[in-house]
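Breakdown of the fold
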Amino acid sequence: MKNITVIGSGTMGNGIAHTFAQHGFTVILVDINQDALTRAIQTITSNLDRQLKKGTIDEQLKSDTLNNITTSTDLKTTVAKADLVIEAATENREIKLNLFKQLSDFCKDGAILASNTSSISITQIASVTKTPGNVIGMHFMNPVPVMKLVEVIRGYATTDAVTATIMELSKKLDKAPVEVNDYPGFVANRILMPMINEAIYTLYEGVAGVEEIDTVMKLGMAHPMGPLQLADFIGLDVCLAILKVLYDGFGNQKYAPCPLLVNMVTAGHTGVKSGSGFYKYTPGSKDLLVAEKFL
Ligand SMILES: NC(=O)c1ccc[n+]([C@@H]2O[C@H](COP(=O)([O-])OP(=O)(O)OC[C@H]3O[C@@H](n4cnc5c(N)ncnc54)[C@H](O)[C@@H]3O)[C@@H](O)[C@H]2O)c1
């Protein structure tokens, strides 16, 4: 396995491309938006600079990593040679189903098709392809170059061989893979999102302010980051999309997204990526500096 195509160059896609390239894989990063690709290369470069400063990589590895990545807006030609495609496009069912239909037509025989989706059914994604046995969830955590976990999600049809290949590959990336089955939210977000949603309800109902809620969870529960700041990191739009999948999938009111979250997303306050969420992330601001400590 050598040629990797990563689809979507946002928060997750650039981190996934960075991680594979740093481990010697040839990566093509694809997005429909050229500006997103330009921003992704800038982000990867500044994250490599941060690693260089910390002494976790040297100049040679930085330049090898950048040389291993090319970018494109043309899906059809770029996936033709891929041994593995990792889709990290927007958390939207229609977008993903449409992409996997195309991948099924454009990829070579035997290619593994993985999705980094946080919550959408791998079984459903696989069902629109000609090779459902080759479709799997490879759920990286944010920020990808730093976080160890890969949640490996077996769809109903995913073969043992494909699962074993992805588990091994994750270890080669110096990650810790955990195998789980395909139910709404899998394990990570089924547990995390109700906590984040409850933190937003706690704010919405005036029980405490943003900093107070995050401080209680940081100092009281030894969480490295409070739930509201974590939501800003993940992207409030992504959190809302995941909660809707949990709500639809389980039909239980406890997953209903807080109206404040819905309002903030509607107003475009989606967290770090928009510069504003529960905190403000303008260049040089205190909150941005705090956020950067985790990258
Ligand atoms: N943000 C997180 O912390 C996090 C963590 C784990 C998993 N995820 C999952 O990763 C995926 C990506 O999330 P993100 O936060 O990086 O989103 P994002 O909004 O930062 O980036 C999504 C990118 O996908 C691109 N895109 C949309 N449609 C496309 C298409 N048809 N072809 C190619 N590119 C397309 C967009 O232009 C954008 O650049 C989602 O499925 C999300 O649930 C996110």
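Bear in mind that the values here come from a model prediction, so they are computed numbers and not experimental data.

1. Quick notes on the overall build of the chain
Counting secondary structure elements, the chain contains 13 helices and eight strands. Here the chain has a C-alpha radius of gyration of 19 Å; the compact-globule value for 295 residues is 19 Å, and the two agree. C-alpha atoms of the chain, sized along the principal axes, occupy 55 × 50 × 30 Å. Buried residues in the chain amount to 50% of all 295 residues.

2. Digging into the state of the cysteines
Tallying each qualifying case throughout the model produces zero disulfides. Not part of a disulfide, cysteine 239 finds its nearest cysteine sulfur in cysteine 258, a span of 12 Å.

3. As for the nonpolar core
Grouped together as the largest cluster of nonpolar side chains are 32 residues, with contacts concentrated most on Ile16, Phe20, Val27, Leu84, Ile86, Met138 and Phe140. The element best represented in this core is helix H1 (residues 11-22), accounting for five residues. With residues up to four places along the chain from it excluded, the contact list for methionine 138 reads Phe20, Ile86, Ala114, Ser115, Asn116, Val150, Glu151, Ile166, Leu169 and Ser170. Core analysis: the second largest hydrophobic core is formed by 26 residues, Val210, Ile213, Ile242 and Phe278 among them.

4. Some points on the site of the ligand
If you check the shell around the ligand, you find 25 residues, and the closest are Asp31, Glu91, Lys96, Ser118 and Ile234. Measuring from an oxygen atom of the ligand, one finds a backbone N or O atom of threonine 90 at 3.5 Å. The side chain of glutamate 91 places a nitrogen or oxygen atom 2.5 Å from an oxygen atom of the ligand. When isolated, the ligand has an accessible area of 840 Å², and the protein chains bury 88% of it. For the shell around the ligand, the elements supplying multiple residues, two or more each, are H1, helix H5 (93-106) and strand E6 (135-140). For the shell around the ligand, the element with the highest residue contribution is H5, accounting for three residues.

5. Overview of the pattern of salt bridges
Scanning all chains against the criterion turns up ten salt bridges. Residues lysine 96 and glutamate 87 are paired through a salt bridge, measuring 2.4 Å at the closest nitrogen-oxygen approach. Across the pair, glutamate 87 and lysine 96 agree in class, each one buried. Across the pair lysine 130 and aspartate 105 runs a salt bridge whose closest N-O atoms are separated by 2.5 Å. Highlighted residues: lysine 130 in the loop between helix H6 (122-127) and E6 and aspartate 105 in helix H5, separated in sequence by 25 residues. For lysine 130, a relative accessible area of 61% gives the class exposed. Connected via shared salt-bridge partners are Glu87, Glu91 and Lys96.

6. Considerations on the packing of aromatic side chains
By the definition in use, this model includes four aromatic pairs. Between phenylalanine 20 and phenylalanine 140, the aromatic rings sit 6.3 Å apart at their centres with planes inclined by 70 degrees, giving edge-to-face as the arrangement. Residue phenylalanine 20 is located in helix H1, and its partner phenylalanine 140 is located in strand E6; the two are separated by 120 residues in the primary sequence. Its relative accessible area of 2% is what places phenylalanine 140 among the buried residues. Here the aromatic cluster, defined as three or more aromatic residues joined through ring pairs, consists of Phe20, Phe25 and Phe140.

7. What about the domain arrangement of the chain?
Here the chain is described as being made up of domain 1 (3-181) and domain 2 (189-293). The gap between the C-alpha centroids of domain 1 and domain 2 is 25 Å. Of the residues lining the interface, nine residues belong to domain 1; the matching set on domain 2 comes to nine residues. Carbon and sulfur atoms supply 52% of the area buried between domain 1 and domain 2, which totals about 740 Å² over both sides. The three residues of domain 1 that bury the most area against domain 2 are Glu91, Ser118 and Ser119, which together make up 43% of that side's buried surface. Linking domain 1 with domain 2 are zero salt bridges, by the criterion used here. There are two residue pairs in polar contact (both at pLDDT 80 or more) connecting domain 1 and domain 2.

8. Focus: the pairing of E6
In terms of burial, E6 is largely enclosed, as six of its six residues are buried. Here E6 shows no split at all, with Val135, Gly137 and His139 on one side and Ile136, Met138 and Phe140 on the other all buried. Bridging between strand E5 (residues 112-115) and E6 involves three bridges; their strand directions are parallel. In the strand pairing of E6, leucine 113 is matched with valine 135.

Procedures and definitions
Residues numbered from 1 in each chain as written. Predicted model: local features only at pLDDT ≥ 70, side-chain atom pairs only at ≥ 80, totals over all residues. Heavy atoms only, no water. Helix = DSSP H or I, 4+ residues; strand = E, 2+ residues; numbered from the N terminus. Rg over C-alpha atoms; globule rule 2.2 N^0.38 Å. Buried < 20%, exposed > 50% of the residue type's maximum accessible area, 1.4 Å probe, protein only. Disulfide = S-S within 2.5 Å. Core = buried A, V, L, I, M, F, W, Y, C linked by side-chain atoms within 4.5 Å. Contact = heavy atoms within 4.5 Å. Near = heavy atom within 4 Å. Polar contact = N/O pair within 3.5 Å; in protein donor to acceptor, adjacent residues only side chain to side chain. Areas by Shrake-Rupley, 256 points an atom, 1.4 Å probe, with all protein chains shown as cover. Salt bridge = Lys/Arg side-chain N within 4 Å of Asp/Glu carboxyl O. Phe/Tyr/Trp six-rings, centres within 6.5 Å; stacked < 30°, edge-to-face > 60°. Domains from an automatic or database assignment. Buried area = accessible area lost by both parts, 1.4 Å probe. Pairing = 2+ DSSP bridges.

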